[in-house]
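Here is what each chain is made of, one letter per residue.
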Amino acid sequence: MMCYALGALEAFEDLYDINGIEMTIFQLHRENVSTSTISKDELLTWATEVLMPTAALAYEGKGEFKAGDHCQFCKVKATCRKRTETNLELAKYDFEMPATLSLTPNTGTASIKSNYSDENSYS
Ligand code: SF4
């Protein structure tokens, strides 16, 4: 959105006295409309201090991949190594060994309790 705001600023700042930009997203399928506002100075500072250095790194093939919620919009998410590594790291918690084992008195079976399921029993 901030890149679009920069484009709008570039296109219209000669015509209007712009001090701030209001950015609105319409997501009709989610029945969501969200708006945020940024001052012209904040936007230009972000462009100079964040966008330009990051874009320069990406152009050179450098920089770091950063997986997150934003990946849902990425065209290469199905083949992205960083996203896969992040998801595999999260999946480890599903297979984490429990901190304690307890025996069920009547059956002599060991109960393993994990954080992510009610109870798994092994005999
Ligand atoms: S899927 Fe990979 S390349 Fe795409 S935004 Fe996520 S981390 Fe970046």
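So, how was this worked out
- Residues numbered from 1 in each chain as written.
- Predicted model: local features only at pLDDT ≥ 70, side-chain atom pairs only at ≥ 80, totals over all residues.
- Helix = DSSP H or I, 4+ residues; strand = E, 2+ residues; numbered from the N terminus.
- Buried ≥ 20, exposed ≤ 12 C-beta atoms within 10 Å, placed from the backbone.
- Contact = placed C-beta atoms within 7 Å.
- Bend = angle between axes of the 7 residues up to and from the residue.
- Pairing = 2+ DSSP bridges.
- Near = placed C-beta within 6 Å.
- Nonpolar A, V, L, I, M, F, W, Y, C, P; charged D, E, K, R; others polar.
- pLDDT = per-residue confidence, 0-100.
- Axes fitted to C-alpha atoms, helices over the stretch in contact; angles between N-to-C directions.
- Parallel < 35°, antiparallel > 145°, perpendicular 65-115°, else oblique.
- Left-handed = near helix turned anticlockwise from the far one by under 90°.

### A short note on the overall build of the protein chain
Then, number 1: In terms of helices and strands, the protein chain carries 3 helices and 5 strands.
Then, number 2: Along the protein chain, from the amino end to the carboxyl end, the secondary structure elements read α-β-β-α-α-β-β-β.
Then, number 3: By residue count, 2% of the 123 residues in the protein chain fall in the buried class.
Then, number 4: In the protein chain, the share of contacts with a sequence separation of at least 24, taken over all contacts with a separation of at least 6, comes to 14%.

### Notes on helix H2 (residues 40–59)
Then, number 1: At alanine 47, H2 is bent by approximately 40 degrees, the largest bend along its length.
Then, number 2: Positive backbone phi, approximately 75 degrees, marks glycine 61, located one or two places after H2.

### Some thoughts on the pairing of strand E1 (residues 20–27)
Consecutive side chains along a regular strand alternate between the two faces of the sheet.
Then, number 1: Note: E1 against strand E2 (residues 32–39), 8 bridges, orientation antiparallel. By the bridge assignment, isoleucine 21 is partnered in E2 with isoleucine 38.
Then, number 2: Between E1 and the antiparallel strand that follows it, E2, lie 4 residues; glutamate 31 among them carries a positive phi value of about 50 degrees.

### Observations regarding the site of the ligand
Then, number 1: Contacts to the ligand come from Phe65, Lys66, Ala67, His70, Cys71, Cys74, Val76, Lys77, Cys80, Lys82 and Arg83.
Then, number 2: In terms of residue class, the shell around the ligand is built from 6 nonpolar, 1 polar and 4 charged.

### Quick word on the environment of threonine 84
Then, number 1: Here threonine 84 lies in helix H3 (residues 81–91).
Then, number 2: What makes threonine 84 partly exposed here is the crowd of 13 C-beta atoms within 10 Å.
Then, number 3: A C-alpha to C-alpha distance of 8.9 Å links threonine 84 and alanine 67, two positions 17 residues apart in sequence.

### What to know about the confidence of the model for the protein chain
Then, number 1: Overall, the predicted model of the protein chain reaches an average pLDDT of 87, with 83% of residues at or above 70.
Then, number 2: The least confident element of the protein chain, judged by mean pLDDT, is strand E5 (residues 120–122) at 46; the most confident is H2 at 96.
Then, number 3: Counted against residues more than four places away or in other chains, residues 117–123, with its pLDDT under 50, gives 10 contacts.

### Looking at the environment of threonine 37
Then, number 1: Turning to its location among the elements, threonine 37 is positioned in strand E2.
Then, number 2: Each C-alpha atom, one on threonine 37 and one on glycine 20, is 7.0 Å from the other, the two residues being 17 residues apart in sequence.
Then, number 3: The residues contacting threonine 37, other than those within four sequence positions of it, are Gly20 and Glu22.

### Some thoughts on unusual backbone geometry
Then, number 1: With a phi angle near 50 degrees, glutamate 31 is a residue other than glycine that sits in the positive phi range.
Then, number 2: Within the secondary structure, glutamate 31 is located in the loop between E1 and E2.

### Here we look at the packing of helix H1 (residues 2–12) against H2
Each pair of packed helices can be summarised by the angle the axes make with each other and by the distance between the axes.
Then, number 1: At their nearest, the axes of H1 and H2 sit 11 Å apart, and the two run at 115 degrees to each other. With respect to H2, the element H1 is oriented roughly perpendicular. Relative to H2, H1 is oriented so that their crossing is left-handed. Between H1, through Met2, Ala5, Leu6 and Leu9, and H2, the contact on the second element is made entirely by Lys40, Leu43, Trp46 and Ala47.
Then, number 2: Here the residues of the contact of H1 with H2 are counted per class, giving 7 nonpolar, no polar and 1 charged.

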